[in-house]
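# Residue-level structure breakdown
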Amino acid sequence: MLIAFALTPMGVEENGAAYVADAIKIIRESGLPNRSDSMYTMIEGDWDEVMDVVKRATEAVADRVPRVQVSIRADVWPGMDRPLDGKISMLERRVADNAAAAGALDGSTAATGADASGVPATGAGPTS
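Here is a short report on the structure shown in this document. (Residues numbered from 1 in each chain as written. Predicted model: local features only at pLDDT ≥ 70, side-chain atom pairs only at ≥ 80, totals over all residues. Heavy atoms only, no water.)

## Quick notes on the overall build of the protein chain
Worth spelling out the cut-off: Secondary structure elements are taken from DSSP: a helix is a run of H or I of four residues or more, a strand is a run of E of two residues or more, and numbering for both begins at the N terminus. The buried label applies to any residue whose accessible area, calculated with a 1.4 Å probe on protein chains only, is under 20% of its type's maximum; exposed applies above 50%, and partly exposed to all values in between. When checking whether two residues touch, look at their non-hydrogen atoms; a contact exists if any pair is within 4.5 Å.
Counting secondary structure elements, the protein chain contains 4 helices and 4 strands. Secondary structure elements of the protein chain occur, N-terminal to C-terminal, as β-α-β-β-α-β-α-α. Looking at the 128 residues of the protein chain, the share that counts as buried comes to 28%. Expressed as a percentage of contacts within the protein chain between residues at least 6 apart in sequence, the contacts between residues at least 24 apart total 60%.

Quick look at the structure:
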């Protein structure tokens, strides 16, 4: 399973990054595959181990602030191998396949100077 979650420290006037850093430390030390971006932290694993990490990370923040808002999204996909990277790889393959198919149908990829994704190269436009 893949969990994306965000912790928002509430009731503190200063920047919440110091509080969230405590949670990130717990997540990284868990040994589970994870990735953080500006909006969420994603953790991959089975239900019990992922939720245990979310709980411990939340408690680490809650120990220091009056209230913590927790937003969680879960993707339960039995049989998906390595969903943290596997879903992105699958999407990238689909984008490339769609662009190649579109180029083969109308020749637009070669004619416009587009790359494999179908996006025109900088400064390139349709040619006559």
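This is not the end of the story, as more comes after the structure.
## Topic: helix α1 (residues 17-29)
Put simply, the rule reads: For a helix, the expected span equals 1.5 Å multiplied by the residue count minus one. Taken from the helix axis, the directions to the C-beta atoms give the arc we talk about.
For α1, which comprises 13 residues, the first-to-last C-alpha distance of 18 Å matches the rise-based estimate of 18 Å (1.5 Å per residue) to within 8%. Within α1, burial applies to Tyr19, Ala23, Ile24, Ile26 and Ile27. What you see down the axis of α1 is that its buried residues fit within an arc of 160°, all on one side. Along α1, the residues that are exposed and aim more than 90 degrees away from the buried face are Lys25, Arg28 and Glu29. Along its buried surface, α1 packs onto β1 (2-10), β2 (34-36), β3 (41-44) and α2 (47-62).

## Some thoughts on the pattern of salt bridges
Using the following cut-off: We define a salt bridge as a side-chain nitrogen of Lys or Arg found within 4 Å of a carboxyl oxygen belonging to Asp or Glu.
Per the stated rule, a full pass over the model turns up 3 salt bridges. In this structure, lysine 25 engages glutamate 29 in a salt bridge whose closest nitrogen and oxygen atoms are separated by 2.8 Å. Of this pair, lysine 25 and glutamate 29 both sit in helix α1, 4 residues apart, roughly one helical turn. Exposure class is identical for lysine 25 and glutamate 29. Each is exposed. Of the charged contacts, one joins aspartate 52 and arginine 56 as a salt bridge, the two residues approaching to 3.0 Å between their closest N and O atoms. Taken together, the residues aspartate 52 and arginine 56, both in helix α2 and 4 residues apart, mark about one turn of the helix. Overall, the relative accessible area of 36% leaves aspartate 52 in the partly exposed class. Since its relative accessible area comes to 36%, arginine 56 is described here as partly exposed.

## So, the packing of α1 against α2
Quick reminder of the rule: Structural elements are reduced to axes, namely lines fitted to C-alpha atoms, with helices fitted over the stretch in contact, and the angle between N-to-C directions of any two is expressed from 0 to 180 degrees. Here the angle decides the label: under 35 degrees means roughly parallel, over 145 means roughly antiparallel, 65 to 115 means roughly perpendicular, and every other value means oblique. Definitions for this section: a left-handed crossing has its near helix turned counterclockwise from the far helix by less than a right angle. A right-handed crossing has that turn clockwise. The nonpolar class holds Ala, Val, Leu, Ile, Met, Phe, Trp, Tyr, Cys and Pro. Asp, Glu, Lys and Arg form the charged class, and all remaining residues, Gly among them, are polar.
Relative to each other, α1 and α2 sit at 150°, their axes nearing to 8 Å. Taken together, the axes of α1 and α2 lie roughly antiparallel to each other. For the pair α1 and α2, the crossing hand works out as right-handed. Packed against α1, whose contacting residues are Tyr19, Val20, Asp22, Ala23, Ile26 and Ile27, the element α2 presents Val53, Arg56, Ala57, Ala60 and Val61 at the interface. Along the lines of polarity and charge, the residues of the contact of α1 with α2 split into 9 nonpolar, no polar and 2 charged.

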